[in-house]
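Report on the structure
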Amino acid sequence: QPRPSPPAPHTFRERSLRRGVPCGGCGTPVGPHGLVCRVCKLAAHKRCESKVTSPCQPLPPPELVRPCPLPGGRPPPDPAVPLQRRNTAPVRRSERVGSSLDSAPQRSTLPRYGALGV
């Protein structure tokens, strides 16, 4: 009967993290800089690298992961459906018909070089 292979060790690298990500060694939040495992994305303080006892398990592919519901039990929005604004005024689109500004060339408001007396 084949024996299960021993769990692979974590391969940590230094990364910038969001505040509040829990440490895999002590459980307290990791500050803005810490270690993250390249395989399982576990975060840890530098001082806790040797304290991490959980096995390194690769994350499942993204297509197999169900999206987490939003707070309040609502499912995340369908990316195929465009977002709609709520409680806002409709967008106003105004167009000037026959405006003379469209056809006249713009002139600079800066003084001309020769007008400075130089």
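Now for a quick tour of the structure. Note that the structure is a prediction, hence the values are computed from the model and not measured.

Looking at the sheet that holds strand 1 (residues 12-16)
In a beta sheet, neighbouring strands pair by backbone hydrogen bonds and run either parallel or antiparallel. Spatial ordering of the open sheet is given by 1-4-5, a layout of three strands whose pairing is antiparallel. Looking at the sheet topology across the chains shown, the edges are occupied by strand 1 and strand 5 (43-44). In this structure, strand 4 (residues 33-37) lies alongside strand 5, joined through two bridges in antiparallel fashion. Bridge pairing in strand 5 links Val-36 to Ala-43.

Let's talk about unusual backbone geometry
The backbone of Lys-41 sits at a positive phi, close to 65°, despite the residue not being glycine. With relative accessibility at 46%, the residue Lys-41 sits in the partly exposed group.

Re the pattern of salt bridges
Per the stated rule, a full pass over the model turns up one salt bridge. In this structure, the salt-bridge partner of Lys-46 is Glu-14, at a minimum N-O distance of 3.1 Å. One end of the pair, Lys-46, is in the loop between strand 5 and helix 1 (100-103); the other, Glu-14, is in strand 1, with 32 residues separating them in the sequence.

With respect to the nonpolar core
If you look at the biggest cluster of nonpolar residues, it comprises 13 residues, and the most contacted ones within it are Phe-12, Leu-17, Cys-23, Val-30, Cys-37 and Ala-44. Looking at this core, the elements that each hand over two or more residues are strand 4 and strand 5. No other element matches strand 4, which puts three residues into this core. Beyond its immediate chain neighbours, meaning those up to four positions away, Cys-37 contacts His-10, Thr-11, Phe-12, Leu-42 and Cys-56.

A word on the pairing of strand 4
Extensive coverage of strand 4 is indicated by the burial of four of its five residues. In this structure, strand 1 lies alongside strand 4, joined through five bridges in antiparallel fashion. Bridged to Arg-15 within strand 4 is Gly-34.

A word on a positive patch on the surface
Together, Arg-13, Arg-15, Arg-38 and Lys-41 make up a region of like positive charge exposed at the surface. If you trace the backbone, Arg-38 turns up in the loop between strand 4 and strand 5. Taking relative accessible area as the criterion, Arg-38 reaches 51% and is therefore assigned exposed.

The rules behind the values
- Residue positions are counted from 1 within each chain, in the order its sequence is given.
- Local features in this predicted model are restricted to residues of pLDDT 70 or higher, and side-chain atom pairs are both shown and tallied only at a pLDDT of 80 or more, whereas totals for entire chains, interfaces and linings draw on every residue.
- Computation of side-chain values: all heavy atoms of the structure, hydrogens and water removed.
- A strand pair is defined by DSSP finding two or more bridges across the two strands.
- Numbering of helices and strands runs from the N terminus, with a helix taken as a DSSP run of H or I at least four residues long and a strand as a DSSP run of E at least two residues long.
- Each residue gets one of three labels from its accessible area relative to the maximum for its type: buried under 20%, exposed over 50%, partly exposed in between, using a 1.4 Å probe on protein chains only.
- The salt bridge definition used is simple: a Lys or Arg side-chain nitrogen within 4 Å of an Asp or Glu carboxyl oxygen.
- Take the buried residues of types Ala, Val, Leu, Ile, Met, Phe, Trp, Tyr and Cys, join any two whose side-chain atoms come within 4.5 Å, and each joined set is a nonpolar core.
- Here, two residues are considered to be in contact whenever any of their heavy atoms come within 4.5 Å of each other.
- A patch is a set of surface residues, each over 30% in relative accessible area and not in a salt bridge, joined within 9 Å for like charges and within 5 Å for the nonpolar side chains Val, Leu, Ile, Met, Phe, Trp and Tyr.
- Method for areas: the Shrake-Rupley scheme with a 1.4 Å probe, in which residue coverage is limited to the protein chains shown.
- In this tally Asp and Glu are treated as negative and Lys and Arg as positive; neither His nor the chain ends contributes.
- We put the charge of a Lys on NZ, of an Arg on CZ, of an Asp on CG and of a Glu on CD.

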